[in-house]
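Survey of secondary and tertiary structure
Take a look at the letters that make up each chain.
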Amino acid sequence: MNTIEHWINGTATSAGSTRTAPVYDPATGKRQADVLLAEKSDVDTAVAAAGKAFESWGNASLSQRTKVMFAFRELLVRHEDELARLISAEHGKVVDDARGEIVRGREVVEYACGIADALKGSFSDQVSHDVDVHDFRQPLGVVAGITPFNFPIMVPLWMHPVAIATGNTFVLKPSERDPSASNFVARLYAEAGLPEGVFNVVHGDKTAVDAILDHPDIAAVSFVGSTPIAKYVHERGTAAGKRVQALGGAKNHAIVLPDADLEYAANHLTAAAFGSAGQRCMAISVGVAVGAAGDRLVEILERKAREVKVGPGSDPASDMGPVVTEAARRRVESAVASGAGQGASVVVDGRGLKVEGHEEGFFVGPSLLDHVTTEMDAYREEIFGPVLAVVRAETVDEAIAIINANPYGNGTAIFTGSGEAARKFQREVKVGMIGVNVPIPVPMSYYSFGGWKDSLIGDSPVHGPEGVRFYTRAKVVTTRWPHTSASAAAFTFPTSS
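Residues numbered from 1 in each chain as written. Predicted model: local features only at pLDDT ≥ 70, side-chain atom pairs only at ≥ 80, totals over all residues. Heavy atoms only, no water.

Core analysis: the largest hydrophobic core is formed by 68 residues, its most contacted members being I255, V256, L269, L301, L368, V372 and F415. For this core, the element with the highest residue contribution is helix α10 (residues 262-274), accounting for seven residues. (Core = buried A, V, L, I, M, F, W, Y, C linked by side-chain atoms within 4.5 Å. Buried < 20%, exposed > 50% of the residue type's maximum accessible area, 1.4 Å probe, protein only. Helix = DSSP H or I, 4+ residues; strand = E, 2+ residues; numbered from the N terminus.)

To continue, consider the sheet that holds strand β14 (residues 284-290). Strand order across the open sheet formed by seven strands is β15-β16-β17-β14-β13-β19-β20, with mixed pairing between neighbours. Each edge of the sheet is formed by a strand with only one pairing partner; in this case those strands are β15 (345-348) and β20 (433-436). Going across the sheet, the axis of each strand differs from the next one's by a mean of 20°, ignoring polarity. Here strand β13 (residues 252-256) runs beside β14; their pairing, made up of five bridges, is parallel. The partner of I255 across the bridge, within β14, is V288. (Pairing = 2+ DSSP bridges. Axes fitted to C-alpha atoms, helices over the stretch in contact; angles between N-to-C directions.)

For the structure on display, the rule yields 35 salt bridges. Note that R236 is salt-bridged to D210, the shortest N-O span being 3.5 Å. Of this pair, R236 sits in helix α9 (residues 227-239) while D210 sits in helix α8 (residues 206-214), placing them 26 residues apart in sequence. You can call D210 buried: its relative accessible area is 12%. Notably, a salt bridge pairs E302 with R306, separated by 3.3 Å at the nearest N-O pair. Of this pair, E302 and R306 both sit in helix α11 (residues 293-307), separated by four residues, roughly a single helical turn. Overall, the relative accessible area of 27% leaves E302 in the partly exposed class. (Salt bridge = Lys/Arg side-chain N within 4 Å of Asp/Glu carboxyl O.)

Now for the sheet that holds strand β23 (residues 472-480). Pairing within the open sheet is antiparallel, and its three strands lie in the order β6-β7-β23. Every interior strand has two partners, whereas the edge strands, β6 (123-128) and β23, have only one. Ignoring strand direction, the axes of neighbouring strands in this sheet form an average angle of 30°. Note: β6 against strand β7 (residues 131-139), three bridges, orientation antiparallel. Directly across from S124, in β7, lies its bridge partner V133.

Looking now at the environment of I440. Its location among the elements puts I440 in the loop between β20 and β21 (452-453). Residue I440 is classed as partly exposed on the basis of its relative accessible area of 24%. Between the C-alpha atom of I440 and that of A271, which follows or precedes it by 169 residues, the distance is 9.5 Å. Setting aside its immediate chain neighbours within four residues, I440 contacts A272, R280 and M282. (Contact = heavy atoms within 4.5 Å.)

Following this line, the structure appears as structure tokens:
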């Protein structure tokens, strides 16, 4: 049985770890590896390596940093297929979906390649007699990321390229469910010329998380995961004096108006709800059918849900792979049963699915629930699986009110042919990321990613300009170069002269 080690100070190591956790192949249900679980001392070792590396990396030129980023980007391109298959084998998503994840993460690397422009300061000449003012940004030091299983390469790539390009050193604690992609990335960084200790990977569970949150030499922590854990990370990290980015869960809605192209809307809702087996924080899990759109939309969604080919991620014919664990499969099936028990119509039932040749895999099929109400558990809970709940509304105002009453505010979408309705929606809906005829409105890397309400704890979105600000702090410098050293001092503010 292969044991997946940590990556500390430029090399794979077991450090002082003795505990392990199993890593499964979700398509077969079989244990394929063990991953080491770090103790507090292992986190201390990684932070010490990162702290030592910061002494030189924090003073490295922008040219040196971006040179590494350009090389790292090319290595991600070169190894895309190998990395995608590694992700698929541990997460379960289809290989093409894994490739898409790599591409979206690589876009943040490309943003980091141009970090010099994002770090340009400002200069004000002659603010007072012979006085100038300028500002610039400097790295924080050692920073850390705690990332989820659902995007084992993309979500970490939202963090460490920006952190490293701005001059910080990084300690990553990825999910122990699919850990191998992070070690692969560490090796690519080393090949790209990143100095030892700048990027470190520590695998683990809550012991490692708490050690990161409490460590006095970690200046900032980035987190993506469920809302309860995001609140925990934010509270504990800020109590320890750290900056904290904490992105939580979601219950994303898509409104479909009667004037929408319903075939188009249903196509995109199907992909947005069932792609990656629904295991993404920007998945559409609620369709709000407005007025006359309802019956026809559900009819088309039923047909398309039944057409989804479920199978192992390595099979090119598969549209959707398994969920990540047996516990996740049980949770999804329980949510469908709960919806049925509370009065929803189960239009498509994905429970009990068996894939030939992979009978022990963690498979569950797409499920479509209709006539769901906002009081039902299938609506209120973040299922994180391939379940699409359809809620009915009479007007666009009622649909917007449903979204605004939900505690989450990550992403949302509207399908319509009306510019007036789209403009009303984007102005009135209380959600951070909005799509107009786009179901999963994940912004490009040069914008920042972050929701509202319980989907973002605190006020620090990830990557883009907000990411640069999070991983750096500003200095403002006021200078005067007098003609003589005998200039008299004044007891007034300088700008009064």
